[in-house]
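# Observations on the model geometry
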Amino acid sequence: MDMWTKRDIITQAYSEIGKADYEFDLLPEVLQSALRQLDAMLATWGTQGIRLGYAGGDGKGDIDAESEVPGWAVEALYLNLAIRLAPSFGKTPSPNTQAGAKATYDAIMARLAAPRARAISGYAGSGRGNLPVRPDGMTTGNDGTLDFGA
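Everything quoted here is computed from the prediction, not taken from an experiment.

### Some details on the overall build of the protein
A count of helices and strands for the protein gives four helices and two strands. A total of 150 residues make up the protein; the buried ones form 34% of that total. Sequence-distant contacts in the protein: of pairs separated by 6 or more residues, those separated by 24 or more amount to 61%. Total accessible area on the protein stands at roughly 9,400 Å², and carbon and sulfur atoms take up 52% of it.

### A closer look at the pattern of salt bridges
Evaluated as defined, the whole model comprises two salt bridges. Note that Asp-64 is salt-bridged to Arg-7, the shortest N-O span being 2.5 Å. Separated by 57 residues along the polypeptide, Asp-64 in the loop between helix 2 (28–47) and helix 3 (71–85) and Arg-7 in helix 1 (residues 6–16) bring together distant segments of the chain. The exposure class assigned to Arg-7 is partly exposed, which follows from its relative accessible area of 29%.

### Considerations on the environment of Ala-73
Topologically, Ala-73 is positioned in helix 3. For Ala-73, a relative accessible area of 0% gives the class buried. Between the alpha carbons of Ala-73 and Ala-107 there is a distance of 8.8 Å; along the sequence they are 34 residues apart. Aside from chain neighbours lying at most four places away, what touches Ala-73 is Leu-52 and Ile-108.

### Things to note about the side chain of Lys-19
As for its placement among the helices and strands, Lys-19 is situated in the loop between helix 1 and helix 2. When sequence neighbours within four positions are dropped, the list of residues in contact with Lys-19 reads Tyr-14, Phe-89 and Lys-91.

### Observations concerning the packing of helix 2 against helix 3
Any two packed helices are characterised by how steeply their axes cross, that is the angle between the axes, and by the distance between the axes. Taken N-terminus to C-terminus, the directions of helix 2 and helix 3 make an angle of 115 degrees; their axes are 10 Å apart at the nearest point. As helix 2 runs across helix 3, the sense of the crossing is right-handed. Contacts between helix 2 and helix 3 involve Ala-34, Gln-37, Leu-38, Ala-40, Met-41, Leu-42 and Trp-45 from the first element and Ala-76, Leu-77, Asn-80, Leu-81, Arg-84 and Leu-85 from the second.

What counts, and at which threshold
- Residues numbered from 1 in each chain as written.
- Predicted model: local features only at pLDDT ≥ 70, side-chain atom pairs only at ≥ 80, totals over all residues.
- Heavy atoms only, no water.
- Helix = DSSP H or I, 4+ residues; strand = E, 2+ residues; numbered from the N terminus.
- Buried < 20%, exposed > 50% of the residue type's maximum accessible area, 1.4 Å probe, protein only.
- Contact = heavy atoms within 4.5 Å.
- Areas by Shrake-Rupley, 256 points an atom, 1.4 Å probe, with all protein chains shown as cover.
- Salt bridge = Lys/Arg side-chain N within 4 Å of Asp/Glu carboxyl O.
- Axes fitted to C-alpha atoms, helices over the stretch in contact; angles between N-to-C directions.
- Left-handed = near helix turned anticlockwise from the far one by under 90°.

Here is the structure:
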């Protein structure tokens, strides 16, 4: 699957709580409610600094729209959404689902918290070869005196 739609994520979340066999019974209102919960969950994650590119909304958007979430983060979405959806069906998520939800959420946090490599602009290293050059070809030494050659 190239890009997961919001419906794909919601359907997979329902599958995690044992509702996959009843997908045809998921009424549009139930799916829309799950979309609201998915949007709310990702909005909360956004306040925690987790920005995954999710094409969010107010819970009233197109459920068949692509989520825009990278593949490495999708499992965290449907597992954590399953935990949010389960109580509305009187279900308790399995220990595997709970552990998986926490592990994938933690993996996202770790991935996003890793410091990014960055270039230090304006730095050319140290040593005599990197002294500032004056317009007339003279360089300044470490003590501020002019150096006329080498």
